[in-house]
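# Analysis of the macromolecular model
Chain by chain, the residues run as shown.
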Amino acid sequence: MHLNDQELELLRIIETNSRIETADLAKMTDLSEEDIQATLQKLEDMRIIVRYATLINWAKVDEYHGVTAMIDVKVTPKRGVGFDEVAQRIYRFKEVESVYLMSGAYDLSVIIEGRSMNEVAQFVSDKLSTLDSVISTTTHFILKKYKHDGTIFESTEKDKRIVVSP
Amino acid sequence: MIKTSYISKTVQELKPSGIRKFFDLAANMEGVISLGVGEPDFVTSWSVREAAINSLEIGHTSYTANAGMLELREEIAHYMKSRFHVSYDPEEEIIVTVGASQGIDIALRTILNPGEEIIVVEPCFVAYAPIVTMAGGVPVTVQALPENDFKIKAEQIEELITPKTKALFICSPNNPTGTQLGKSDLEAIAEVVMKHDLLVISDEIYAELVYDEGYTSFAAIDGMLERTILLNGFSKAFAMTGWRLGFVCAPKEISQAMLKVHQYAIMCAPTMAQYAALEALQHGMSDVEDMRSSYRRRRNYIVKSFNEIGLDCHKPGGAFYAFPSIKKTGLSSQEFAERLLLEEKVAVVPGDVFGESGEGHIRCSYASSMEQLQEAIKRISRFMERFN
Ligand SMILES: Cc1ncc(COP(=O)(O)O)c(C=O)c1O
């Protein structure tokens, strides 16, 4: 889809902070508040803006016990629908966070969030590997998240500059 | 007890920088939001830092050629040609310096005879006039006026020219006003400069940070290449202030003379910083672009916000400074900056620090995160309500 400069600019700004208020977005971009609102609405309707997300570092929260696994899945593509049909069958499970079609040693990369290792294991053995077209699965558990979606989790980057300088 | 007579008269008479005073005032306060910082808020790109680390790992720890590594000078020549359409011979016309700061120093020490005059356009970077004085010259200041959005006029310069005038010192985009001179502005000035056979020292350290129109280098104006000493560096565009790396470009005769001063004073710029700079030029331009678009948004935001809360501010074309007028409050720029700091904990730099013509204004750097800027605007807006 072809976007104009202003639409691109808006996307770049809210990509890292979707909470900036419309009034401030207007000041940053030379657009009116009405324009901003209309543009955001349009981008949402086009599903270019898919969701306004919050990136939470759950590992820091004691009450959280979840685990994330990345699963390499080999499948036999079906005539006519290729990989799409099996991908669809997989991504509809609520445990599934992401599904990517890959080049290389396996076909689909599936990211699963579960409450425990056990839950993930169960999902893989009961639901995923029993699907018709699935030939094999290899499960990797994520031990620690350092950087996710472009954001470094443990960064303690403070402003190290002196307060006033030439 | 040390006698003051140990200290040279020139140095005794130098005024300490007004920036220092504000640093002392703000340094020990908690919770200060600073718009007082004259440097990028980005950390140098990791690939550049990594290149420096690698240069250390493989043991590049000795001096380089006086003028800097030839490989770096070649890259600079290529960069100047492709970005700014000016051609310099990397072997003889480019010197890698310890920041643009050292470039200023060697340029002035190279060209000045005692008592010769340099026309300095104010408001300007705090170091210009003192370095002219230290090099034995006489700074003659000319004031860029707020009503012209701080663009200096050729006529203003011409009025000050005397037989002693050696060069014009100019900076665009400017610190502290952010004002960018367009091609026609430069052409008008160039005409005067050529008529009176002057040199130009052109500080182009903010050349990459322009937001509305393309950049014209003074050296790219017809007839100016042979009479321009061009200063640039890595501090601002590549967020490399602490690396202390810059460069000067000038016609061969001048460069080779500057090289004498440079080699006796400091031998060469730091080697690891030169490796970092090489990486920056070779692979860092997309980072520059990202930083530039980020500054642009923040400029738009802060300038509009200032105008909304009653601090009249022209829209600066470059650098990362806004220079709003505070005249409406009836305070001097020193009083304003001091009260703002003590009452609302926002640090800005009073405009008079950059020369008399800066009085009535404050320099606000928008090289700070949007969150910080939003909070700063909130506080300044509260402060301004006291004057309604
Ligand atoms: C106009 C101007 N010139 C030169 C410098 C010094 O730059 P460098 O870090 O390359 O010495 C600065 C730094 O603030 C500046 O604003």
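Residues numbered from 1 in each chain as written. Chains lettered and ligands numbered in written order. Predicted model: local features only at pLDDT ≥ 70, side-chain atom pairs only at ≥ 80, totals over all residues. Heavy atoms only, no water.

On to the interface of chain A and chain B, then. Contacts between the two partners involve 17 residues from chain A, matched on the other side by 33 residues from chain B. Approximately 2100 Å² of surface area, both sides summed, lies buried where chain A meets chain B, with 53% of it carried by carbon and sulfur atoms. Where chain A touches chain B, the interface holds 4 salt bridges. Taking the shortest distance from any N to any O, the salt bridge between B:K315 and A:D30 comes out at 3.6 Å. For the interface between chain A and chain B, the tally reads 18 residue pairs in polar contact (both at pLDDT 80 or more). For the side of chain A that touches chain B, the elements supplying multiple residues, two or more each, are α1 (5-16) and α2 (22-29) of chain A. Per-element tally for the side of chain A that touches chain B: the top contributor is α2(A), with 5 residues. (Contact = heavy atoms within 4.5 Å. Buried area = accessible area lost by both parts, 1.4 Å probe. Salt bridge = Lys/Arg side-chain N within 4 Å of Asp/Glu carboxyl O. Polar contact = N/O pair within 3.5 Å; in protein donor to acceptor, adjacent residues only side chain to side chain. Helix = DSSP H or I, 4+ residues; strand = E, 2+ residues; numbered from the N terminus.)

Our next topic: the packing of aromatic side chains. Residue and element names in this part refer to chain B. Taken as a whole and judged by the stated rule, the model has 16 aromatic pairs over all chains. Seen from their ring centres, F42 and Y295 are 5.5 Å apart, and the 75° between their planes marks the pair as edge-to-face. A residue pair is termed long-range when its members are at least 10 positions apart, and F42 in the loop between β1 (33-34) and α3 (46-57) and Y295 in helix α11 (residues 285-308) qualify at 253 residues. On the basis of relative accessibility, which here comes to 0%, the residue Y295 falls in the buried class. Ring geometry for F336 and F383: centres 5.1 Å apart, planes at 90°, overall edge-to-face. With a gap of 47 residues between them, F336 in helix α12 (residues 333-344) and F383 in helix α13 (residues 370-385) connect regions that are remote in the sequence. There is no split in this pair, since F336 and F383 are both buried. Three or more aromatic residues joined by ring pairs form one cluster here, namely F42, Y206, Y295, F320 and Y321. (Phe/Tyr/Trp six-rings, centres within 6.5 Å; stacked < 30°, edge-to-face > 60°. Buried < 20%, exposed > 50% of the residue type's maximum accessible area, 1.4 Å probe, protein only.)

The next subject is the domain arrangement of chain A. The domain architecture assigned to chain A consists of domain 1 (5-46) and domain 2 (58-144). Its C-alpha centre places domain 1 of chain A at a distance of 35 Å from the equivalent point of domain 2 of chain A. (Domains from an automatic or database assignment.)

Tracing the backbone shows A:T54 in the loop between α3 (33-45) and β1 (67-75). Spatially, the C-alpha atom of A:T54 lies 34 Å from that of A:V164, the residues being 110 residues apart in sequence.

Residues and elements named next belong to chain B. On the basis of which strands lie adjacent, the open sheet formed by 3 strands has the order β9-β12-β11 and antiparallel pairing. In this open sheet, the two edge strands, each paired with only one partner strand, are β9 (321-322) and β11 (349-350). The pairing of β11 with strand β12 (residues 362-365) spans 2 bridges and is classified as antiparallel. Note that in β12 the partner of P350 across the bridge is I362. (Pairing = 2+ DSSP bridges.)

Where α1(A) is concerned, the buried positions are A:E7, A:E9, A:L10, A:L11, A:I13 and A:I14. Turning to α1(A), the residues buried within the fold contact α2 and α3 of chain A together with α11 of chain B.

With that out of the way, let us pick up the pattern of salt bridges. All names here are of chain B. All chains considered together, the criterion is met by 31 salt bridges over all chains. Taking the shortest distance from any N to any O, the salt bridge between E338 and K21 comes out at 3.8 Å. Here the residue E338 occupies a position in helix α12, and K21 occupies one in helix α2 (residues 18-27), the gap between them amounting to 317 residues. Residue classification places K21 among the partly exposed residues on the basis of a relative accessible area of 43%. The partner of R386 in a salt bridge is E343, and the shortest N-O contact between them spans 2.4 Å. Note that R386 is positioned in the segment after α13 and E343 in helix α12, a separation of 43 residues in sequence. On the basis of relative accessibility, which here comes to 34%, the residue E343 falls in the partly exposed class.

With numbering aligned to this structure, UniProt lists the feature "domain: Aminotransferase class I/classII large" (unreviewed entry) at residues 31-380 of chain B. In residues 31-380 of chain B, helix accounts for 41% and strand for 14%; the two terminal C-alpha atoms are 15 Å from one another. (UniProt positions renumbered as here; feature names shortened; annotations may be inferred.)

The UniProt entry lists residues 72-144 of chain A under the feature "domain: Transcription regulator AsnC/Lrp ligand binding" (unreviewed entry), expressed in the numbering used here. Strand forms 34% of residues 72-144 of chain A and helix 27%; the C-alpha atoms that close the span are 19 Å apart.

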